[in-house]
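Okay, here's what each chain looks like letter by letter:
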Amino acid sequence: MTDCDFLVVGHGIAGATLAYVLRQRGHRVLVYDPGQPNSASNVAAGLMNPVAGKRFALSWRAAELLPFAGTFYRELEQRYEQAFFFETPILKVFASLEEQNSVLARSVDRPWGDFVAGFATADPGLVGVHAPFGGAWLQHGGHVAVRELLAALTAEGTRDGWLRREAFDWNQLDNSSGEAVYAGQVRARHVVCCEGAAAVRNPYFSWLPLTPNQGEVLDVDCAGLSAAQVLNRGAYVVPVGDGKFRVGATYRWPPFADGPTAVGREELAARLTVITDLPFAVREQRAGVRPAVRDRRPLLGPHPTVPALSFCGGYGSKGVMLAPRLAVLLADFLEGQDEIWPDVSVERYNALRPVGVI
Ligand SMILES: Cc1cc2nc3c(=O)[nH]c(=O)nc-3n(C[C@H](O)[C@H](O)[C@H](O)COP(=O)(O)OP(=O)(O)OC[C@H]3O[C@@H](n4cnc5c(N)ncnc54)[C@H](O)[C@@H]3O)c2cc1C
């Protein structure tokens, strides 16, 4: 029998950050993940954007989450001697004079704090960028190389034996003794489900209101396009080096496609064409499923009736910015040091759990 303190199911950005925090605190952690190249975390463009969406509103808790995430990813950079976090200005390109006016009108109250560095009311003249109405310059955001980060952690985990490259079978979990015993082989004080969108099929958590949606991204070569910033207009265009950019993302509700689609590719290519006149070549296209939640807030905390089991996820389209702070919050909770914030707590949905379900 293998003994551990925490058994983490899933090694996307949610499970990986949680496992890292718990290990750093000296706990014995065991992680299960078969490794899926098309997991949301492996597909994500890794953008951390403090102000986003059609309403150009400050992201939820951005003032706390973003600096926290930056420091967290920097720590991992030091540990693995590899660059993961690229703090980059983001230009929110205005699509029209109306949009420019409405954003400028709201800027008087500075609802975005110091995340907005300034405005361009005319074309800022970036090479290859079509921005006749100017845009808003955002600061303190950027992008994280999530796939590379997870690969570094995975390499360590497989080498040191804390990560098993296999799927966890929930039917083999025995909670009857107050602790968790898995497949008669592993005993854990606590199990945390970090399965991403796959949690809709989890026998313990299928009642949670996860509303997964599928997204696609393109990797393109676009020689000459200004790479000193992320561009955002209808799509985001993230510079990833050497004239390469990641363009995202589409949103699709069920039924999902099996993988990348021609429609997704055309949609993203069309959006990129609005941003630049320069020719580009699509090098890669990927699709993944975002673990979104009905009220667009994460889901964190213990199962209502199984004390040795918790949930960590529901990060929707913001996993990169959310994961570090929420990993620490859940770790604090599991150590009895803090309460789960009510607006992210699983408890807010406990009433949805049907009678008779575990
Ligand atoms: C196209 C696209 C673009 C995106 N762009 C961004 C972006 O720019 N910025 C941003 O912040 N977010 C972005 N996101 C969202 C982001 O990817 C998610 O918020 C985040 O990755 C969710 O992380 P997760 O760990 O909860 O889930 P996942 O990444 O899906 O990871 C879940 C893991 O659990 C494993 N697993 C599942 N079931 C089991 C089991 N039974 N046993 C063992 N392992 C299991 C899977 O193999 C997987 O590795 C994007 C998503 C998509 C699809």
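Note that the structure is a prediction, hence the values are computed from the model and not measured.

Cut-offs applied
- Residues numbered from 1 in each chain as written.
- Predicted model: local features only at pLDDT ≥ 70, side-chain atom pairs only at ≥ 80, totals over all residues.
- Domains from an automatic or database assignment.
- Contact = placed C-beta atoms within 7 Å.
- Nonpolar A, V, L, I, M, F, W, Y, C, P; charged D, E, K, R; others polar.
- Pairing = 2+ DSSP bridges.
- Helix = DSSP H or I, 4+ residues; strand = E, 2+ residues; numbered from the N terminus.
- Axes fitted to C-alpha atoms, helices over the stretch in contact; angles between N-to-C directions.
- Parallel < 35°, antiparallel > 145°, perpendicular 65-115°, else oblique.
- Left-handed = near helix turned anticlockwise from the far one by under 90°.

1. Details of the domain arrangement of the protein chain
Structurally, the protein chain comprises domain 1 (2-43 + 147-210 + 294-352) and domain 2 (89-140 + 213-290). Counting residues at the interface gives eight residues for domain 1 and seven residues for domain 2. Here the side of domain 1 that touches domain 2 is built from residues that sort into three nonpolar, five polar and no charged.

2. As for the sheet that holds strand 10 (residues 142-144)
In spatial order, the strands read 3-10-6; together these three strands make up an open sheet with antiparallel pairing. The sheet is open, and its two edges are formed by strand 3 (47-48) and strand 6 (85-87), each paired on a single side. Summarising the sheet, strand 3 and strand 10 pair through two bridges and their orientation is antiparallel. Along strand 10, the bridge assignment pairs Met 48 with Gly 142. Set on the sheet, helix 3 (residues 62-80) makes contact with strand 3, strand 6 and strand 10; between it and strand 6 the angle comes to about 130°.

3. What about the pairing of strand 14 (residues 186-193)?
The pairing of strand 1 (residues 2-9) with strand 14 spans seven bridges and is classified as parallel. Along strand 14, the bridge assignment pairs Cys 4 with Ala 188. As paired elements, strand 13 (residues 180-182) and strand 14 share three bridges and run antiparallel to each other. Bridge pairing links Tyr 182 to Val 186 in strand 14. Once strand 13 ends, the chain turns through three residues before running back antiparallel as strand 14, passing Ala 183 with a positive phi of about 50°. As judged from the three bridges shared by strand 14 and strand 21 (residues 309-313), these two strands associate in the parallel manner.

4. Brief notes about the packing of helix 1 (residues 13-24) against helix 7 (residues 319-334)
The interhelical angle for the contact between helix 1 and helix 7, taken along N-to-C directions, is 40°, at an axis separation of 8 Å. Here helix 1 is positioned oblique relative to helix 7, judged by the angle of their axes. With respect to the hand of their crossing, helix 1 and helix 7 are arranged in right-handed fashion. Side by side, helix 1 and helix 7 meet where Ile 13, Ala 14, Thr 17, Leu 18, Val 21 and Leu 22 of the first sit next to Gly 319, Val 320, Ala 323, Pro 324, Ala 327, Val 328, Leu 330 and Ala 331 of the second. Tallied by class, residues from the contact of helix 1 with helix 7 come to 12 nonpolar, two polar and no charged.

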